[in-house]
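Secondary and tertiary structure notes
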Amino acid sequence: MPPGNAAEFEAQRTYLTAVAYRMLGNRSEAEDAVQEAWLRYAQQTEEIRDVRGWLTTVTARICLDQLNSARVRRAAYPGQWLPAYVVDPDAGPAELAERADQISVALLVVLERLTPEQRVALVLHDAFAVPFDEVATVLDTTPAAARQHASRARRAVADGGIKHTAGVAEQRRVLNAFLTAAQSGDVVALAAVLAPEVVAISDGGGLVRTALNVVGGADKVARFYTGLLGRKLAGVTDIKVDPVLVNGGAAMLLRGTRPDGVPLLAVLTVAVDEGRITGLFNQQNPEKLLLGDL
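Residues numbered from 1 in each chain as written. Predicted model: local features only at pLDDT ≥ 70, side-chain atom pairs only at ≥ 80, totals over all residues. Heavy atoms only, no water.

1. Here we look at the sheet that holds strand 2 (residues 194-203)
What the 8 strands build is an open sheet, ordered 3-2-7-6-5-4-1-8; its pairing is mixed. Every interior strand has two partners, whereas the edge strands, strand 3 (215-216) and strand 8 (289-290), have only one. Sheet analysis places strand 6 (residues 263-273) next to strand 7 (residues 276-283), joined by 7 bridges and oriented antiparallel. Across the sheet, V272 pairs through a bridge with I277, a residue of strand 7. Contacts from helix 9 (residues 168-184) reach strand 2, strand 4 (237-246), strand 5 (249-257), strand 6 and strand 7, with the element oriented near 35° to strand 5. (Pairing = 2+ DSSP bridges. Helix = DSSP H or I, 4+ residues; strand = E, 2+ residues; numbered from the N terminus. Contact = heavy atoms within 4.5 Å. Axes fitted to C-alpha atoms, helices over the stretch in contact; angles between N-to-C directions.)

2. With respect to the pattern of salt bridges
Within this structure, the stated rule accounts for 9 salt bridges. Of the charged contacts, one joins D242 and K240 as a salt bridge, the two residues approaching to 4.0 Å between their closest N and O atoms. Here K240 falls in the partly exposed class, since its relative accessible area comes to 45%. Bridged by salt links that share partners, the residues K240, D242 and R255 form one connected network. (Salt bridge = Lys/Arg side-chain N within 4 Å of Asp/Glu carboxyl O. Buried < 20%, exposed > 50% of the residue type's maximum accessible area, 1.4 Å probe, protein only.)

3. Describing unusual backbone geometry
A positive phi angle, near 55°, is found at D140, a position not held by glycine. For D140, the position within the fold is in the loop between helix 7 (132-139) and helix 8 (143-158). Backbone geometry at N247 places phi at a positive 55°, although glycine is not the residue there. With respect to the helices and strands, N247 occurs in the loop between strand 4 and strand 5. Taking relative accessible area as the criterion, N247 reaches 5% and is therefore assigned buried.

4. Overview of the packing of aromatic side chains
Counted under the stated rule, the structure contains 7 aromatic pairs. The interplanar angle of 70° and the centroid separation of 5.3 Å between the aromatic rings of F178 and Y225 together place this pair among those described as edge-to-face. Of this pair, F178 sits in helix 9 while Y225 sits in helix 11 (residues 218-231), placing them 47 residues apart in sequence. Here a set of aromatic residues connected by ring pairs shows up, and it is made of F9, W38, Y41 and W54. Residue placement shows R27 over the ring face of Y21; its charged tip is 4.1 Å from the ring centre. Looking at R52, its charged tip hangs above the ring of Y15, at a distance of 3.8 Å from the centre. (Phe/Tyr/Trp six-rings, centres within 6.5 Å; stacked < 30°, edge-to-face > 60°. Lys NZ or Arg CZ within 6 Å of the ring centre and 35° of its normal.)

5. Side note on the nonpolar core
By size, the foremost hydrophobic cluster in this structure holds 41 residues, and its most contacted members are F9, M23, Y41, V120, L124, V135 and L139. Within the residue set of this core, elements represented by two or more residues are helix 1 (6-24), helix 2 (27-42), helix 3 (51-75), helix 5 (105-111), helix 6 (116-128), helix 7 and helix 8. Residue contacts for M23: discarding those within four places in its chain leaves A60, C63, L67, R119, V120, V123 and L124. Formed by 26 residues, the second largest nonpolar core is a distinct cluster that contains L175, Y225, L228 and V270. (Core = buried A, V, L, I, M, F, W, Y, C linked by side-chain atoms within 4.5 Å.)

Structure, rendered in structure tokens:
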């Protein structure tokens, strides 16, 4: 196969985008990284024996550079950071099966706490079975050091505190119960579907007013969302709540018009374990919401 062959690259694009998205947590940035990998691939004049391996290494290096730059940008990010959401219409079992390999928002939030090197090592080795000697090449280190990065990343993910084990049907049931209780102002019913260690994270990106800090604990989260979805939505007109999917997980899309005429747009998704919510992720940054035809 001649170097820089477009058909050979396109055969790897979906795989490379999956790799990049797990590293960056942003679909458009992942697609940009893959496009940059294509430009480098197209300029190659030497024969490439293992096209997938070569492209994986190049894409991972591009992502590593972006992660290092992102650490500086996110240090100045207003409030909490959540990954950009790709929001899809709610789907049936067959469609969900096709999306079964998507990474949850909960895991992306935990991955954000890792160092760039840890994240790259974990994604490449654990998610895509890239050998540690190749991971070491990406990180410009030794295989032993690459293995250590992955090991530390696994421990950090395990200790991340946001357990997410429920299937989509269970996620939908719990999310519906949560919204019903929150809108009715029933703090007791609301707390009943929240795990004691639940965390609520909101991202407005400085463009929409949201909680700047993580809200933790069942009682505090219950009271926060009772106010948010109860009293604060009282003046919103034309409000519409639709079940949607975010990264293959259950979510709710809220739309309406605020009293000052500013549109309301928010997507709430959850992490669920043993019938209770362990994480609530409220994305309101319009620049991070890709709604497609919704």
